[in-house]
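The residues making up each chain are set out below.
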Amino acid sequence: MKNWIVMTALAAGVSAHAAVTVKDDDGNTVTVQKPAQRVISLAPHVTELLFAAGGGSHVVGVVAYSDFPEAAKQVPQVGSNRELDLERIIALKPDLFVVWRHGSSERQIEMVRKLGVPVYHSEPHKLEDIPASLLKLGQLMGTEAVARPAAADLSRQLASLRTKYANRAPVRSFYQVWDKPLYTLNGAHIVSDALRLCGGENVFARLPVTAPVVSVEGVLQENPEAIFATAEKNYGGVSMWKPYASLTAVRNDNLFTIDGNLLNRSGPRMIAGAAMLCEKLELARTHRPK
C-alpha cells in the first residue's frame, strides 16, 4: 500500500511537468516541455484569450492596444504590430510566444522564432475556433481547470445563437472596416462567419483578398440591405452612405454602428459581438416593406 502511494505521487509529479503538445491555427505542432509560465502575447485578441484561459498571471509582455481585461493594461508592452523591442523581449525570458499574422508580421515572427522559444500562431477562422483556441492555450499554460469551463461556456453561447437564428431570411450585408480607403472583409474572415451565423450574407464574400479595398460604386452596385461600421475606426462611419438614397440599406434605415472591439478581435468577446450582429440583422428584417 505504501509503495503504491509513493508510485502514485511520483507519477503525479511527472505528469505535472510532462511536455504538452497542441496544434496551432496554422496546423503546426507546438510543444512546451512544461507548462508555460512566461508568455508574451503579440496581439490584443491573444491577450484576451490568454487571460480568459486563466493565464493572466503568466502573461509577462503584450503589444499596444492590449487593453482588455483591465489587468492587461498593467502588463509591460514589448512593442506594437509594427515594431517589437527585441531587447526587452529577451530580458523578459519568455517560454512561449503567441503571435498573429498580419501585413507586417512576417519579419517580426521570424525574429522571435530565432530565439528558440515555442511559437503558437493564433488566428481563429471560425467562431467555434475561439473556444478551441482558449482550451489549447490553457493546456500550454497548465491552466485547464479555468480554460475548460470557460471554453465550454463560449461553446454553449455559440450553440444557443445558432439555434436562435437558424433558417432566418438572408440579409445581404456590407461590413465596413475603414472608409479612407474603403476596406471590407471577404468570406474567409471570421467576421463573415459571424454574419453567416445570423443569416447575413457578405456582399463581397467572393473577393480573393482577406481585407480588400472596394469602391463606393462597387457598394452601390451590390446594393446591400444592411451596412455595418465601427465608430472607433471610421471617419464618417455609416453616415457616409446617407446621401445615397437609392441604397436599400439607407432606404430601410439599416445603417448600423457596432463595437469593433467585439467583432474585429477574434477573442472570447467575439461571441457577444456575434450576438449583437444577429440583433441588428433581425432588426433589418423588421424594416422590410410589408
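Rules of the game
- Residues numbered from 1 in each chain as written.
- Predicted model: local features only at pLDDT ≥ 70, side-chain atom pairs only at ≥ 80, totals over all residues.
- Heavy atoms only, no water.
- Helix = DSSP H or I, 4+ residues; strand = E, 2+ residues; numbered from the N terminus.
- Pairing = 2+ DSSP bridges.
- Axes fitted to C-alpha atoms, helices over the stretch in contact; angles between N-to-C directions.
- Contact = heavy atoms within 4.5 Å.
- Phe/Tyr/Trp six-rings, centres within 6.5 Å; stacked < 30°, edge-to-face > 60°.
- Buried < 20%, exposed > 50% of the residue type's maximum accessible area, 1.4 Å probe, protein only.
- Core = buried A, V, L, I, M, F, W, Y, C linked by side-chain atoms within 4.5 Å.

Asks: Help me get a handle on unusual backbone geometry, residues and values and all.
Replies: The peptide bond linking F68 to P69 adopts the cis configuration, its omega dihedral lying at 0 degrees. Take P69: it is sitting in the loop between strand 4 (59-61) and helix 3 (86-91). P181 follows K180 through a cis peptide bond whose omega is 0 degrees. Here P181 is to be found in the loop between strand 8 (178-179) and strand 9 (182-183). Positive phi, normally seen in glycine, also occurs at K93, with a value near 50 degrees. Checked against the element boundaries, K93 lands in the loop between helix 3 and strand 5 (96-99). Despite not being glycine, D253 shows a phi value in the positive range, around 60 degrees. With respect to the helices and strands, the residue D253 is situated in the loop between helix 9 (248-251) and strand 12 (255-258).

Asks: Which residues make up the sheet that holds strand 12, and what values do they have?
Replies: Pairing in this open sheet of four strands is parallel, and the strands run 10-7-11-12 from one edge to the other. Where the open sheet ends on each side, the last strands, each with one partner, are strand 10 (200-202) and strand 12. Pairs of neighbouring strands in the sheet enclose a mean axial angle of 35 degrees, with direction left out of account. Packing against the sheet, helix 7 (residues 190-197) makes contact with strand 7 (171-176), strand 10 and strand 11 (226-230), and its axis sits at approximately 145 degrees to strand 10. Packing of helix 11 (residues 270-286) onto the sheet brings it into contact with strand 7, strand 10, strand 11 and strand 12, and relative to strand 12 it is tilted by some 165 degrees.

Asks: So what about the packing of aromatic side chains? Which residues, and what values?
Replies: Within this structure, the stated rule accounts for four aromatic pairs. Summarising the aromatic geometry, the rings of F174 and W241 are spaced 6.0 Å apart at their centres and angled 85 degrees between planes, so their arrangement reads as edge-to-face. Within this pair, whereas F174 is found in strand 7, its partner W241 is found in the loop between strand 11 and helix 9, the two being separated by 67 residues in sequence. Residue F174 is classed as buried on the basis of its relative accessible area, which comes to 0%.

Asks: Now, about the nonpolar core: what can you tell me, with residues and values included?
Replies: Of all hydrophobic cores here, the largest spans 54 residues; its most connected members are L96, L127 and F228. Tallying contributions element by element places helix 11 first for this core, with eight residues. Ignoring anything within four residues of it in the chain, the contact list for L96 reads V30, V32, A36, R38, V39, I40, V117, P118, Y120 and L140. Core analysis: the next-biggest nonpolar cluster, separate from the first, contains 15 residues, I40, V60, V112 and V117 among them.

Asks: Kindly report on the sheet that holds strand 4, identifying the contributing residues and their values.
Replies: Pairing within the open sheet is parallel, and its four strands lie in the order 4-3-5-6. Two strands in the sheet have a free side with no partner beyond their single neighbour: strand 4 and strand 6 (119-121). Here the average twist between neighbouring strands, direction ignored, is 30 degrees. Note that strand 3 (residues 39-41) and strand 5 share three bridges and pair parallel. Across the sheet, the residue bridging to I40 is F97, located in strand 5. Helix-sheet contacts for helix 2 (residues 44-52) involve strand 3, strand 4 and strand 5, and the interaxial angle to strand 3 is about 140 degrees. Running over the sheet, helix 5 (residues 129-141) touches strand 3, strand 5 and strand 6 and is turned about 170 degrees from strand 6.

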